[in-house]
Amino acid sequence: MLVLLGFAMIAVFMVLIMTKKLTPVLALIIVPTVFGLFAGAGLGIGPMVMDSMKSMTSTAALLMFAIIYFGLMIDVGLFDPLVKFILRKLGNDPAKVVLGTAILAAAVSLDGDGSTTFILTTAAMLPVYLRLKMSPVVLTCVAGLANGTMNILPWGGPTARAATALKLDVNDVFVPMVPSLIVGLIVVLVFAWLLGLQERNRLRTTAPEIWGDVADPSEAFDGGTGRGGAVTAGSGAGSGAGRFGFARKGSTTAGKPGTGGGSGVAVLEDPATLVDDHDTAMADTALDPNRATLRPKLFWFNLALTVAVMVVLVANIVPLPFVFMVGSAIALLVNFPKVKDQGAQLIAHAPSIVAVVSMVMAAAVLTGVLNGTGMVKAMSEWLVQIIPADMGPFMAIITGLLSIPMTFFMSNDAFYFGVLPVLSETAAHYGVDAVDMARASITGQPFHLQSPLVPAILLLVSLAKVDLGDHHKKVLWRTAVISVVMLAVGVLTGAIGIG
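Residues numbered from 1 in each chain as written. Predicted model: local features only at pLDDT ≥ 70, side-chain atom pairs only at ≥ 80, totals over all residues. Heavy atoms only, no water.

**So, the overall build of the protein chain**
For clarity, the cut-off: Each helix is a run of H or I in the DSSP string that is no shorter than four residues. Each strand is a run of E no shorter than two, and both are numbered from the N terminus. The buried label applies to any residue whose accessible area, calculated with a 1.4 Å probe on protein chains only, is under 20% of its type's maximum; exposed applies above 50%, and partly exposed to all values in between. Exposure was quantified through the Shrake-Rupley algorithm and a 1.4 Å probe, taking into account, for residues, occlusion by the shown protein chains and nothing else.
For the protein chain, the count of helices and strands is 26 helices and two strands. Across the 499 residues in the protein chain, those meeting the buried criterion constitute 55%. For the protein chain, the accessible area works out to roughly 20100 Å², and carbon and sulfur atoms hold 67% of it.

Now the structure itself:
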């Protein structure tokens, strides 16, 4: 009964948020409560949730003050030069922007912290997406793919958990999986490029005020080459250059080499021109150059403060929530010395804070019911029991496949310390080594990172103002493919053995 209720609860929750019948916060509260009562929790469901919530408070504090800190840094202009640099390098081709997002997210993921990765990636790239009218869901998808794949790094957590649970050296677990990691990242970049091409094609028809009626995207995005990438001009003779650099029909700016000035042919301007003309382009975005919160004279102070915060964060010498608390306090005090302005800044970021903190607290209901009613234990034991005896030699592969859904439905701690040892003990009877089981178990991490039980992913969708259900629709099947590919590469290279 507990097994059926556990899987049914997860299924109902996923259906409700992906079909947008309920917001994630309401689904996280209502669905587990109903199923918990059916499981016989009764009035004991309250203590279950409160016990789970105690473990969530530090995470909620971390996310709250991280949002405040990086929100302040965006407001005062710390990231404006970075965005200009990105625009110069990537131009305004959506395919290149999405690919750049994947590379940035993968690079930042080297610190092993998902929250930091998503904060920095969103801060740098979201204004670019909004400026070009690209879908923020693509940003969250690509960032989630990159960070999830990189999560098997030894200092990321799961690999260390697997090694600890099975009493293995962490290097013995990770090093043979490097080829899987490399291939996984290649698949991430392929997905990013394909998503970018989809965005490029979509914007031809959905955002003509930016892109015009693009006849041939492969030519239209040769901005600044002077090859005369021809596109059909927008209407409105004599209207001048279109927004973001498209020269309109009859415009005096349309006369680039090879196009024939004023001939009704439009080309995309050079990326440098777009950056120089960003006053109009960035209007109504987080990087509006005329916003009252800009503090250009304090740029170097804010940069030094941010570097200091990141160094302390990576060094892990002070609890992370306290690091962002102190950082936010200093940033507010220096950039906004007036009490009225400090209050206004806190209020300005309140919607983002409420969105993410409420989801973290609501997730405590789901985890509390799963653990308190014994659903997690029953589900894991059932999965072990249903594995046929003749499949024993393939226990490592089975474990890799099981890690995809199981680490999505439960915490890493529950899977690696509760389920993996049982699976490994079973596999030992068929000659499958514990180290093979450990390596296979970490291949499900790309999928795990998209779970609503992972605070970092809640932070990502909140910062990008993306619905969790929309994110899941785009990212889940792609992360499943990456996990299976990493598992397959591990088997082919011999890192994951068969008994």
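**Quick word on unusual backbone geometry**
Backbone geometry places Lys133, a non-glycine residue, at a positive phi of 60°. With relative accessibility at 37%, the residue Lys133 sits in the partly exposed group. The phi angle at Lys465 is positive, at roughly 55°, despite the residue not being glycine.

**Structural notes on the pattern of salt bridges**
Between side chains of opposite charge, a pair can form when the charged atoms approach closely. Threshold: Any Lys or Arg side-chain nitrogen found within 4 Å of a carboxyl oxygen on Asp or Glu counts as a salt bridge.
Scanning all chains against the criterion turns up four salt bridges. Here Arg439 ties to Asp436 by a salt bridge, and the two come within 3.8 Å at their closest N and O atoms. Pair noted here: Arg439 and Asp436 are both in helix H23 (residues 434-441), with a separation of three residues, about one helical turn. For the pair Arg439 and Asp436, one class covers both residues: buried.

**Regarding the confidence of the model for the protein chain**
Going by this rule: Known as pLDDT, the predictor's per-residue confidence is scaled from 0 to 100. What makes two residues a contact is simply this: any of their non-hydrogen atoms within 4.5 Å.
Of all residues in the protein chain, 79% attain a pLDDT of 70 or more, and the chain-wide mean is 77. Low confidence marks residues 213-281, where pLDDT is under 50. Its contacts with residues over four positions away, or in another chain, come to 129 contacts.

**Some remarks on the packing of aromatic side chains**
Quick reminder of the rule: Two rings belonging to Phe, Tyr or Trp (six-membered ring only in the last case) form a pair when the distance between their centres is within 6.5 Å. Interplanar angles under 30 degrees mark stacking, angles over 60 mark edge-to-face geometry, and anything in between is tilted.
Considering all chains together, one arrives at four aromatic pairs under this definition. Between Phe191 and Trp477, the ring centres sit 5.6 Å apart and the planes meet at 85°, which makes this aromatic pair edge-to-face. Taken together, the positions of Phe191 in helix H11 (residues 178-206) and Trp477 in helix H26 (residues 468-492) put the pair 286 residues apart, joining distant regions of the chain. A relative accessible area of 11% means that Phe191 is categorised as buried. Owing to a relative accessible area of 47%, Trp477 belongs among the partly exposed residues under this scheme. Centre to centre, the rings of Phe408 and Phe447 are 5.2 Å apart; their planes meet at 55°, and the pair counts as tilted. One end of the pair, Phe408, is in helix H21 (residues 395-409); the other, Phe447, is in helix H24 (residues 445-448), and 39 residues separate them in sequence. As far as the burial class goes, Phe408 and Phe447 line up, both buried.

**Regarding the packing of helix H7 (residues 114-131) against helix H25 (residues 455-463)**
As a reminder, the rule being used: Whenever a helix is involved, its axis is fitted only over the stretch in contact; in every case the axis is a line through C-alpha atoms, and angles between N-to-C directions fall within 0 to 180 degrees. If an angle is under 35 degrees, it is roughly parallel; if it is over 145, roughly antiparallel; if it lies from 65 to 115, roughly perpendicular; otherwise it is oblique. Each crossing gets its hand from how the near helix is turned against the far one by less than a right angle, where anticlockwise is left-handed and clockwise is right-handed. The nonpolar class holds Ala, Val, Leu, Ile, Met, Phe, Trp, Tyr, Cys and Pro. Asp, Glu, Lys and Arg form the charged class, and all remaining residues, Gly among them, are polar.
Contact geometry for H7 and H25: axes closest at 9 Å, N-to-C directions at 15°. The angle between H7 and H25 places the two elements in the roughly parallel class. The two elements H7 and H25 meet at a crossing, and its hand is right-handed. Together, Gly114, Ser115, Phe118, Ile119, Thr122 and Leu126 of H7 and Ala456, Ile457, Leu459, Leu460 and Leu463 of H25 make up the contact between the two elements. Split by residue class, the contact of H7 with H25 holds eight nonpolar, three polar and no charged.

**Quick word on the environment of Leu26**
Relative to the helices and strands, Leu26 is located in helix H2 (residues 24-38). Owing to a relative accessible area of 41%, Leu26 belongs among the partly exposed residues under this scheme.

**Let's talk about H26**
Short version of the rule: How far a helix is expected to stretch is found by multiplying one less than its residue total by 1.5 Å. We define the bend at each residue as the angle formed by axes fitted to the 7 residues ending at it and the 7 residues starting at it. We call two N or O atoms a polar contact when they sit within 3.5 Å, provided that within protein one can donate a hydrogen and the other can accept it, with sequence-adjacent residues counted only if both atoms are side-chain atoms.
With 25 residues, H26 ought to run about 36 Å at 1.5 Å a step, and its terminal C-alpha atoms sit 35 Å apart, in line with that. The largest bend along H26 measures about 35° and falls at Val475. Its side-chain oxygen placed 2.8 Å from the backbone nitrogen of Gly469, Asp467 serves as the N-cap of H26. Phi turns positive one or two residues past the end of H26, at Gly494, with a value near 90°.

**Quick look at the packing of helix H8 (residues 136-150) against H11**
Two numbers describe how H8 lies on H11: the axes approach to 9 Å, and their chain directions differ by 175°. One finds that H8 runs roughly antiparallel with respect to H11. Of the residues in H11, those in contact with Val138, Cys141, Val142, Leu145, Ala146, Thr149 and Met150 of H8 are Leu181, Gly184, Leu185, Val188, Phe191, Ala192, Leu195 and Glu199. Split into classes, the residues belonging to the contact of H8 with H11 amount to twelve nonpolar, two polar and one charged.

**Re a nonpolar patch on the surface**
Here is the rule: Like charges are joined within 9 Å and nonpolar side chains (Val, Leu, Ile, Met, Phe, Trp, Tyr) within 5 Å, but only among residues with over 30% relative accessible area and no salt bridge; these make up the patches.
Nonpolar side chains collect at one region of the surface, where Val175, Val178, Ile182, Ile186, Val190, Trp193 and Leu194 lie side by side and expose about 580 Å² of accessible area between them. Residue placement: Val175 occurs in the loop between helix H10 (170-174) and H11.

**Notes on the environment of Gly497**
With respect to the element layout, Gly497 can be found in the segment after H26. Each C-alpha atom, one on Gly497 and one on Asp433, is 7.8 Å from the other, the two residues being 64 residues apart in sequence. The residues contacting Gly497, other than those within four sequence positions of it, are Ala396, Val432 and Asp436.

**So, the environment of Lys89**
Inspection of the secondary structure puts Lys89 in helix H5 (residues 80-90). Judged by relative accessible area, which is 59%, Lys89 ranks as exposed. Along the primary structure Lys89 and Gly100 are separated by eleven residues, whereas in three dimensions their C-alpha atoms are 9.3 Å apart.

**A few points about the side chain of Thr140**
In this fold, Thr140 is placed in helix H8. One polar contact links Thr140 to His471, side chain to side chain, over a distance of 3.0 Å. Apart from the residues within four sequence positions on either side, Thr140 is in contact with Leu460, Ala464, Val466 and His471.

**Some words on H21**
If you check H21, its first and last C-alpha atoms are 20 Å apart, about what 15 residues at 1.5 Å a residue would give, namely 21 Å. Roughly 40° is the biggest bend found in H21, and it falls at Ser403, with proline Pro405 one to four residues downstream. The buried fraction of H21 amounts to twelve of the 15 residues, a majority that puts the element mostly inside the structure.

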